[in-house]
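Fold and geometry: a report
The lines below spell out each chain.
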Protein chains: 2
Amino acid sequence: MKEIKSKIRIKDIAVLAGVSEGTVDRVLHQRGDVSAKSLEAVNKVLEEINYMPNLMARSLASKKHYRFVCLFPAHQPTDYWQSINDGFNMAADEFLHHNVQIEKKYFNQFDAQTFIATSNEILETKPDAVFIAPIFRNETLQFTSKLVELQIPFSYIDSMIEETDFVTYYGQHSFQSGYIAAKLLLHSGCANNKILIIRTQRKGAMSNQTLNRNSGFMQYINDNGLAEKLELINVEFKDDDEMANLEVLREVFATHTTIKAAITFNSKAYRLAMHLETLKKLDVQLIGYDLLEQNVDYLKKGMIAYLIAQRPEKQAYCTVRDMCKELIFKQKVSTINYVPIDVLMKENIDYYSRFKE
Amino acid sequence: MKEIKSKIRIKDIAVLAGVSEGTVDRVLHQRGDVSAKSLEAVNKVLEEINYMPNLMARSLASKKHYRFVCLFPAHQPTDYWQSINDGFNMAADEFLHHNVQIEKKYFNQFDAQTFIATSNEILETKPDAVFIAPIFRNETLQFTSKLVELQIPFSYIDSMIEETDFVTYYGQHSFQSGYIAAKLLLHSGCANNKILIIRTQRKGAMSNQTLNRNSGFMQYINDNGLAEKLELINVEFKDDDEMANLEVLREVFATHTTIKAAITFNSKAYRLAMHLETLKKLDVQLIGYDLLEQNVDYLKKGMIAYLIAQRPEKQAYCTVRDMCKELIFKQKVSTINYVPIDVLMKENIDYYSRFKE
DNA sequence: TTCAAATCCGTGTTCGCACACAGAAAAATT
DNA sequence: AATTTTTCTGTGTGCGAACACGGATTTGAA
């Protein structure tokens, strides 16, 4: 159990095994040209000690260079994707001296053609690895099949396509996070009176994440026999017309006077909060996703009761780090990695945001 | 704003400034013996580019060795302190190749004499830095004053003594975590009927952390005008006699039939959960601190409603890392660092525990 | 037996940095 | 002007690992 921690070098192994450094190196890297005798001697020593190569010396000496390309949506500085961007930057800093170069490519998340175009550009440059936000399922499948052909490893970020052969996925279990959202919103034991729920969603195809959160939310309601007691009101927000959204809400509240709770399954809870503030509906419990600046502002103000967060920077960072582990350090990494479902409220948001680890 | 990320070496700076590598090195490390002309030339180049030394090459070349000593309570593998231990081990692994050696020293947290004895032992070995869990205030003050004398930097872990001159502190804002505990336990809008609260505490001096959590808890009650509506029942648990504890509880429940919630401010919520299970009091909302295995088990079973966690491994890890930054890499670190107040329930505990980043 | 091919393995160089040391240049002293 | 002293600076070595190179040994075929 007790592993002694001391620096063992190739030179030490060589002495212990009675061979030269070069031979130890050949054994370690399975480069062949080693006699059975030497091989056995070295392996014996390796079994006894726990050799941990000095990764710093290794990448210093290594002449190999790696180019990793990230493919994800173009965004504004306050968007969710900015956090992903930040995580990639963190990784870029850290692995720069390990001869890793990180390149970012963006596509328009409302236009599949831009995804295709950009992914083709990427293919032409023959990167050593690719990180993909698979917003467009079919287009992503096309892309990854070409990557497989070219033997370029890739990882998913944000969501994944299970049947493809990716290296890692870091993301939240959306279903479960929807379940938790429902619990937080509805678990006050006093559900004897009707509670109404608003759901806002972008028109057209909802993203996988959003759909799964919704399913989890409904599951909680069913699990707790709340389907009868609750009335769910679906409101569709327009992406570009907040005046219209406000009017829709005004109408909803005119016809339904006992609305006590509201939720959005995308990251735009602040829009709902904004309108509720305008309408002076301060007693509506609101829950949303992701720590956009505007969401956080409304959380601190008390207009949003809970935000569910998922450490997007960590997701991006870990994705890059694991690719380095796999490709450069030859360490095994686990494929599917769910990140914590963090529950934030105005009382703990500050400590959470400030802690950048 | 846009900092170009490319590898700039001392050699490059030397060429740009028209001097030799040695001179650049002398400027960078302020070792003197540089003519005004050369100094200016090098500084000019340094201002223009953003030189980031290759830390890996640096510690490879460096012959300096560092010995960091950790001083914290001896513990069982299931204790809270084990997580701190784990965090120190993680750091030990990571910084081993930066010529950092980490030594752990334990004291008996119920016996100040062992703290004094061990701290004296540490002083004799003249370490390069010390990490202290300041369980005993006066004894810690004595220790740190000697450290200051010997110019040995030190950091606090778990709690801190503000007026001393420490490098970092990583820990939770206990007051706020108590406040949140109260909110989670009591915020169900339906507080019209009386809710009773049990608090268990070890006899004798409660730790600072525990006291602050308690204060935060009371603050929430006052802030929300619940003082009148609630009755707080204090129960003192014995550390070594669970049979007695059970009997005390049995009596309490006999006299107070409407107990709806319970809390412990230390990390031993599982003891309370265990007894509540025995007494078949399954409708009591229980909240506790820290992810001990046993706590997590009861959380998953549903006997504990919430656990508040504080990433102790991260605390220990960051403490070591920051000391390296300060001492070895000459980077500035921030002194007081509050970690997130994580809210765990049976629905998100799995993703949290499995995520080891 | 001879010789080429296959197999085996030690040496030397490289990476970016720190630091020692020698020795050049400048300044101060005869 | 010749010297000593002081100030300054370039070169060289080593850190640990990777890998190319080529010399040494073994094997197999002729």
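Keep in mind that what you see is a predicted model, and the values were worked out from it rather than measured.

Considering the overall build of chain A
Scanning chain A for helices and strands turns up 14 helices and 12 strands. Against the compact-globule benchmark of 21 Å for 357 residues, chain A has a radius of gyration of 26 Å, which places it well outside the compact range. Principal axes of the C-alpha set define a box for chain A whose edges measure 85 × 50 × 35 Å. Put simply, 70% of the contacts in chain A that link residues at least 6 apart link residues at least 24 apart. Surface summary for chain A: the accessible area is close to 17300 Å², and the carbon and sulfur share equals 49%. On chain A, the mean spot of the 43 positive side-chain charges and the mean spot of the 45 negative ones are 4 Å from each other.

Regarding the protein's contact with DNA strand D
In the neighbourhood of DNA strand D, 24 residues make up the surrounding shell, with A:I10, A:H29, B:S20, B:S35 and B:S38 lying closest. The sugar and phosphate moieties of DNA strand D supply 71% of its atoms located within 4 Å of the protein. In this structure, a phosphate oxygen belonging to DNA strand D sits 3.0 Å away from a side-chain N or O atom of A:Y51. Within the side chain of B:S20, an N or O atom sits 2.3 Å from a phosphate oxygen of DNA strand D. Taken together, the elements giving at least two residues each to the surface near DNA strand D come down to α4 (55–61) of chain A together with α2 (21–28) and α4 (55–61) of chain B.

A short note on the side chain of B:S177
Residues and elements named next belong to chain B. Locating S177 in the fold gives a position in helix α8 (residues 174–186). A polar contact is formed between the side chain of S177 and the backbone oxygen of S174, at a distance of 2.9 Å. Setting aside residues up to four positions removed in sequence, S177 forms contacts with Q172, R213, Y289, I308 and I341.

Regarding the relation of the copies chain B and chain A
The two copies are related by a screw operation: chain B maps onto chain A through 180° of rotation and 0.1 Å of translation along the axis, at an RMSD of 0.2 Å. These values place the two chain copies in the arrangement generated by a two-fold rotation axis. Looking at the interface residues of chain B, 98% of them are also at the interface in chain A, so both copies use one shared face.

As for the domain arrangement of chain A
Residues and elements named next belong to chain A. The domain architecture assigned to chain A consists of domain 1 (2–51), domain 2 (60–172 + 312–340) and domain 3 (174–309). Distance from the C-alpha centre of domain 2 to the C-alpha centre of domain 3: 32 Å. Listed per partner, the contact involves 9 residues of domain 2 and 12 residues of domain 3. In this assembly, domain 2 packs against domain 3 so that about 770 Å² is buried in total across both faces, 44% of it on carbon and sulfur atoms. Of all residues in domain 2, T78, Y80 and Q172 bury the most surface against domain 3, accounting for 65% of the area lost on that side. There are 0 salt bridges connecting domain 2 and domain 3. Here the residues of the side of domain 2 that touches domain 3 are counted per class, giving 4 nonpolar, 3 polar and 2 charged.

Notes on the sheet that holds strand β4 (residues 154–157) of chain B
What links the strands of a sheet is backbone hydrogen bonding, and the strands pair in either a parallel or an antiparallel sense. Residue and element names in this part refer to chain B. Within the open sheet, the 6 strands sit side by side as β2-β1-β3-β4-β5-β11. Their pairing is parallel. A strand with exactly one partner marks an edge of an open sheet, and here the two such strands are β2 (100–107) and β11 (336–338). Ignoring strand direction, the axes of neighbouring strands in this sheet form an average angle of 15°. As defined by bridge partners, strand β1 (residues 66–73) adjoins β2 across 8 bridges and the pair is classed as parallel. Note on β2: the bridge partner recorded for Y66 is V100.

Quick word on the protein's contact with DNA strand C
In the vicinity of DNA strand C lie 23 residues, with A:S20, A:S35, A:S38, B:I10 and B:Y51 positioned nearest. Considering the 4 Å shell around the protein, atoms of DNA strand C inside it are sugar or phosphate in 76% of instances. In this structure, a phosphate oxygen belonging to DNA strand C sits 3.0 Å away from a side-chain N or O atom of A:T23. Measuring from a phosphate oxygen of DNA strand C, one finds a side-chain N or O atom of A:S38 at 2.6 Å. Mapped by element, the contributors of at least two residues to the surface near DNA strand C are α2 (21–28) and α4 of chain A together with α4 of chain B. Across the surface near DNA strand C, the residue classes break down as 9 nonpolar, 7 polar and 7 charged.

What about the interface of chain B and chain A?
Taken together, the contacts link 45 residues of chain B with 44 residues of chain A. In total, about 4500 Å² of surface goes out of reach between chain B and chain A, with carbon and sulfur atoms giving 65% of it. At the boundary of chain B and chain A, one finds 2 salt bridges. Remark: the boundary between chain B and chain A carries 6 residue pairs in polar contact (both at pLDDT 80 or more). Contributing elements (two or more residues each) for the side of chain B that touches chain A: α4, α5 (80–95), α8, α13 (312–327), β12 (342–344) and α14 (349–354) of chain B. Broken down by element, the residue count for the side of chain B that touches chain A peaks at 5 residues, all from α8(B). The residue inventory of the side of chain B that touches chain A, partitioned by class, reads 22 nonpolar, 13 polar and 10 charged.

Focus: empty space enclosed by the protein
Using the criterion set out here, one finds 3 cavities of 30 Å³ or more in the structure. In this structure, the largest cavity spans a volume of roughly 60 Å³. Together, A:F115, A:I116, A:S119, A:N120, A:L123, A:E139, A:Q142, A:F143 and A:K146 line the largest cavity. Going through the elements one at a time, α6 (112–124) and α7 (137–149) of chain A are the ones with two or more residues in the lining of the largest cavity. Partitioned by chemical class, the residues of the lining of the largest cavity number 4 nonpolar, 3 polar and 2 charged. Of all the elements in the fold, those that place two or more residues in the lining of the second largest cavity are β12 (342–344) of chain A together with β12 of chain B. Looking at the lining of the second largest cavity, its residues break down into 8 nonpolar, 1 polar and 2 charged.

Structural notes on the environment of B:T258
All names here are of chain B. Position of T258 among the secondary structure elements: in the loop between α10 (242–255) and β8 (259–264). By relative accessible area, which is 42% here, T258 ends up partly exposed. Taking the C-alpha atoms as reference points, T258 and M56, separated by 202 residues in sequence, lie 63 Å from one another.

Calculation criteria
- Residues numbered from 1 in each chain as written.
- Chains lettered and ligands numbered in written order.
- Predicted model: local features only at pLDDT ≥ 70, side-chain atom pairs only at ≥ 80, totals over all residues.
- Heavy atoms only, no water.
- Helix = DSSP H or I, 4+ residues; strand = E, 2+ residues; numbered from the N terminus.
- Rg over C-alpha atoms; globule rule 2.2 N^0.38 Å.
- Contact = heavy atoms within 4.5 Å.
- Areas by Shrake-Rupley, 256 points an atom, 1.4 Å probe, with all protein chains shown as cover.
- Lys, Arg positive; Asp, Glu negative; His and termini not counted.
- Charge placed at Lys NZ, Arg CZ, Asp CG, Glu CD.
- Near = heavy atom within 4 Å.
- Polar contact = N/O pair within 3.5 Å; in protein donor to acceptor, adjacent residues only side chain to side chain.
- Least-squares fit on C-alpha atoms with pLDDT ≥ 70 in both.
- Domains from an automatic or database assignment.
- Buried area = accessible area lost by both parts, 1.4 Å probe.
- Salt bridge = Lys/Arg side-chain N within 4 Å of Asp/Glu carboxyl O.
- Nonpolar A, V, L, I, M, F, W, Y, C, P; charged D, E, K, R; others polar.
- Pairing = 2+ DSSP bridges.
- Axes fitted to C-alpha atoms, helices over the stretch in contact; angles between N-to-C directions.
- 1 Å grid on protein atoms, 1.4 Å probe; cavity = no way out; pocket = protein on both sides within 12 Å on 5 of 7 lines; lining within 4 Å.
- Points joined across faces, edges and corners; volume = space filled by probe spheres on them.
- Buried < 20%, exposed > 50% of the residue type's maximum accessible area, 1.4 Å probe, protein only.

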